[in-house]
Every structure is written in C-alpha cells, then in structure tokens.
Amino acid sequence: MSVVHLFVAVVFFLLIPGVPARAQNAPLLGRSLGIGRHQEPAPPLAPPQGLQDHASNGKLVLSLDDTIRLALANNTDIRLDRSPMEFAQNNLARAHSPFDPVATSSFADIRAKSLTTSTLQGALILNDLTQTTQLGYRETFLTGTNFQTAFNANKFSTNSSFNTVNPSLSTAVQFTIGQPLLRNFGLFPNRAPILIAQRTLKQARANFTAQVNNIILGIIGDYWSVVLARENLSVQQKSLDEAQKSYDHDKKALSLGALPPLDIYRSESQVASRRVGLIQAEYSLKQAADQFRRDIGADLDPAVRVLDLELTDQPAPLGDLPATDVATALSRALTNRPEFETARQQLASDDLSIRLAHNNLKPDLELSGFYSGNGLNNSPAGLDIGLSGSLKQTFHFTYPTYGASLSLNLPVRRHSAQANLADALAGRRQDQYQERRTTQSITLEVTNAVHSLEEAKLTVEAAKVAVNLAQESLHADERKYELGAEPVFFVLDAQTQLAQAELNLIQAQVSFQIAVAQLEHATGDLLEHHHVEIVEPAR
C-alpha cells in the first residue's frame, strides 16, 4: 500500500503545480520530458567547392564550361531538385518491406498468490508461478505465400497438492503456411508495388535530368548576360570618350573663334547624355554579375564574393555558323528529352495500377495449413523427463497436431475497389493527355528554337554590315567636319549610330550563343554537349 501512496504523491507533485501556468511552464515541461536536451545539431552544409581554383589576380576567371562545372557542384537549386530522386530511392527500398523476414521473442514471468474457496483447489493459499518463453519467425514471399513458425515453452509450478506434474514444462512448435488462391495470387500483385517504385525512381531521375537541363540553360543565359553587360559598358565608355573628344575639339575651336558660342552646347549635352548611359551600364553589369555569382555559389563565400568576374568566352561565333532543320531537331528531341521518359514511366505505372485494381476486385480465397508438435516433462509411465524430454517430444512430433483450412471472403459489393479502378483508368487517361501536351510543348519549343537560331544567324551577319557602314559614315562625317563642310551635329549623330551598331552586333552575337544553347536544350543535347551525366545517389 505504501508503494501505491508514494506513486500517487509523485504524480500529484509533478502535474498539479503546472496547471495554473500551463503556457508559461511549457518550456519547463519540455525539459522535464527530455525535449530539447542534448539534441545533436544538424550537420552543416558543404561549403562551395572549386571556386578558389579559378581565382587569379583578384579576379574569378571562368569559361562557360568552368561555370557549368561549378554550378553542378554548388548551385542550390540543383541540390534541392536532387532530393526527390533520393526520396524515390528510399521509397524503392521501402517497397521491399512486406517481404522482410521478422523474428520475434518474448519472456514473461508471473507470480500469483490467492486465497482458496474450496478444498479441491489443493491448498489454503495458492502460490502459482508461470514463466512463458515465445520465439517466432514469419516471412512473406513474392508469390504471396506466407510462412510462420512459432515455438512456445511454458513452465508452471504451484503448491496445489492436486497437480500431478509439478512443475510442468510444456513446449510446442508449429509451422503454418498460407497461400492466396485468387486475390494477391502469383508474382504480379506482390511485385507490383516494387515495380511501381522502380518506375517512380526512373521518373524522378528523368525529372531531375529535365530540371538540370533547364537550370544549365538559365546559367548559360546568365553567363552571356554578364558578357553582354560587360561589352555594353565597353561600348558606352568608348562612346563617351568619342563625345568627350568632340567636346574638347569644340572648346578649342570656340576659344579660337572658329565655332559659334551656341554650338558648344550640343557636344556638351552629348557628353552628359553618354555619361548617364555609362552609369546605367555599370549598374546593369553589377546586377548581372550578382545573379551569376548566385548561380555558381560564389555569393556563399565572402572571400570569393568580392572578386571581379573575368569571363573568357567571347560572344563572336567561331567558324561556320551551324544550321539545322525542324525535322532533324524533332527527331533528336524525341530521342533525348527526359520529359518523354517521365511520361513513359508514368504510363507504365498507370498500367500496373490498373492491373492491381483489377486484382483487388477478385474474391479473397486463401488456403492455409499447419503442423505442430507438443511436449511435456512427463512420460507415459509418469516419470519426470525434464525440459530435454519435453523438447524431444515436441521436435520429434511424438504428439502431432495438423490441419488445413480454406477461407473465402466474397463481398457482395465492392464500391471502394471499383472506385479505385475507376481512378486508375482516369489517371491513365489524364497522363495520356499529359504526354500529348508534353509532345506539343516540346515540338513548339524545338520549332521556335530552330527559327530563333536562323534569325540569330541572319542578325549577326546584318549587324556586322551595319557596324562597318557606321564606321565608314563616322569617318566621312569627321573628315567633312574637319574641312568645315558639316557642323558637329552630324559627327555626334554618327558616333551615336556607331555605338548603337556595335551594341546591336554584341547583342546579336550573344543572342546567337543563347539560341544555340536553346536549340541544344530543346533537342536534349545540352547535357551531353557539356559532358554532364546524371547518376543516382549512392546508398
């Protein structure tokens, strides 16, 4: 009784004081339950890799291929997009769990004293001891066959004078086999979840490949955006220098009386206007560079973040400009685009789900049988043969028990199973339309990419001609101005036209490089072109 009183007092002491101030004592309650105590912090994320290898003279020197390698190592979006593939791999391992063998064991010790109400109970106060040991093993096979074995050993002793075997040591072992005959019969319904998990893993891998394909295309675009911003800054600086040169010339002419006073304002205005363009170009370059640093993880390292960027690839295409046609590009896309693999794996999983839904509509008919042996530490002559004798009787099946059963579960209505089948059919139809939409989207993307490449090629050639003509025009106007045949207005206008033509050429060259990458992305060749291979996470 004292033990019960002590237990009640402890519970009262722990719970009652916390009731009036439950909200204020929540952290205290958590600590009392061990929450928040001795918790290991999550391991830190890996720092950016490989950036210092490209640092030189206070600059981060990178080619396009270097950029892609650094992005694959450090880009946060790629790391996040890789997680579903890891989850799918874990789900595949989980799909094998129904076939994991299970071994069980238990031991119980029970002592009991009780007053008797009859002399036939063999004692005034019964004192019983029961000790039970249980061992078991069960396993389900891919055919749906379920195998179980169980071993029990029980020791019972009492002070009752009427027990002829005291203590008694009884043992038993039983083997049971069950086999579904209709629903869940055979390899397919039991392996289907594994097959679906395998296809889900392939689908996750294809999705990740598509996401990496998109991310790399974006990184290529950001690379060329920095190059374009850099070249734009160079053009703006050159334009400002030309305007400043004309302004200095006009000031000298004004001081010598060779220029009307009002004409100086035009060249001075051009200097101010082009200085505004230079400032805007500087900040555009900074914004593009910041985005580029995020792509390769350089923004995560304070020592690398402050380094200037030196991107070595030039936008001007080398050699003959590539050419392709829509039919060839579509053929490549149908072979290489990971989105098609995603759709194929999804439709294959849908077919498996439909077959599983049909299986669940079948009646549940199961055949099972068992065979067991029993033993007791007592011989036919009434001699105590101990535990070894009981085990010998059990495992020699001296006193066997066996039997079989056939059970049939035949539901009259199967609304849930029928609805599941309808869902599976509707899901497959939806995924068929999704596959069609994917085909249409990729076809349009390929077509647009081919047309954009052709447009970029023609634009580059036209921009080159425009630059040459603008240079000749500027030279002619400068010569006329020096001879006094034209006012300074024409020179300033020619400078503006040349700057715009040079900028148009750079934009056309960058657009060409991006168009090439977009075509490779559309045909699924982008990863192969940059030697990128997707591998599954190591377990």
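Below is a short write-up of the structure. (Residues numbered from 1 in each chain as written. Predicted model: local features only at pLDDT ≥ 70, side-chain atom pairs only at ≥ 80, totals over all residues. Heavy atoms only, no water.)

### So, the sheet that holds strand β8 (residues 364–376)
At step 1: Judged by pairing direction, the sheet is antiparallel, and its six strands sit side by side in the order β3-β4-β5-β6-β8-β9 without closing on themselves. The open sheet has two free edges, formed respectively by β3 (102–115) and β9 (399–409), since each of these has just one partner strand. In this sheet, neighbouring strand axes are inclined to one another by 15° on average, regardless of whether the strands run parallel or antiparallel.
At step 2: Packed onto the sheet, helix α10 (residues 386–395) meets β5 (146–158), β6 (168–180), β8 and β9 and runs at close to 25° relative to β6. (Pairing = 2+ DSSP bridges. Helix = DSSP H or I, 4+ residues; strand = E, 2+ residues; numbered from the N terminus. Axes fitted to C-alpha atoms, helices over the stretch in contact; angles between N-to-C directions. Contact = heavy atoms within 4.5 Å.)

### Some words on the sheet that holds strand β1 (residues 55–56)
At step 1: Taken together, three strands build an open sheet; the order of strands is β1-β2-β7 and the sheet is mixed. Across the chains shown, the open sheet's two edge strands, defined by having one partner strand only, are β1 and β7 (308–311).
At step 2: One ladder, built from two bridges, connects β1 with strand β2 (residues 59–62); its direction is antiparallel. By the bridge assignment for β2, Ala55 is matched with Leu60.

### What to know about the pairing of β3
At step 1: With zero of its 14 residues buried, β3 lies for the most part at the surface.
At step 2: With 14 bridges connecting them, β3 and strand β4 (residues 125–140) associate as antiparallel partners. Bridging from a neighbouring strand, Arg111 pairs with Leu129 of β4. (Buried < 20%, exposed > 50% of the residue type's maximum accessible area, 1.4 Å probe, protein only.)

### Considering the packing of aromatic side chains
At step 1: This structure, assessed with the given rule, holds six aromatic pairs.
At step 2: Between Phe147 and Phe175 the ring centres are 6.4 Å apart and the planes differ by 25°, which places this aromatic pair in the stacked class. Separated by 28 residues along the polypeptide, Phe147 in strand β5 and Phe175 in strand β6 bring together distant segments of the chain.
At step 3: Take Phe147: its relative accessible area is 23%, and that puts it in the partly exposed class.
At step 4: For Phe175, a relative accessible area of 33% gives the class partly exposed.
At step 5: The ring of Tyr283 carries Lys286 above its face, with NZ or CZ at 4.6 Å from the centroid.
At step 6: The ring of Phe188 is capped by Arg355, whose NZ or CZ atom sits 3.6 Å from the centre of that ring. (Phe/Tyr/Trp six-rings, centres within 6.5 Å; stacked < 30°, edge-to-face > 60°. Lys NZ or Arg CZ within 6 Å of the ring centre and 35° of its normal.)

### Digging into unusual backbone geometry
At step 1: Note the cis peptide between Asn166 and Pro167, where omega equals 0°.
At step 2: For Asn57, which is not a glycine, the phi torsion comes out positive at approximately 55°.
At step 3: For Asn57, the position within the fold is in the loop between β1 and β2.
At step 4: With relative accessibility at 78%, the residue Asn57 sits in the exposed group.

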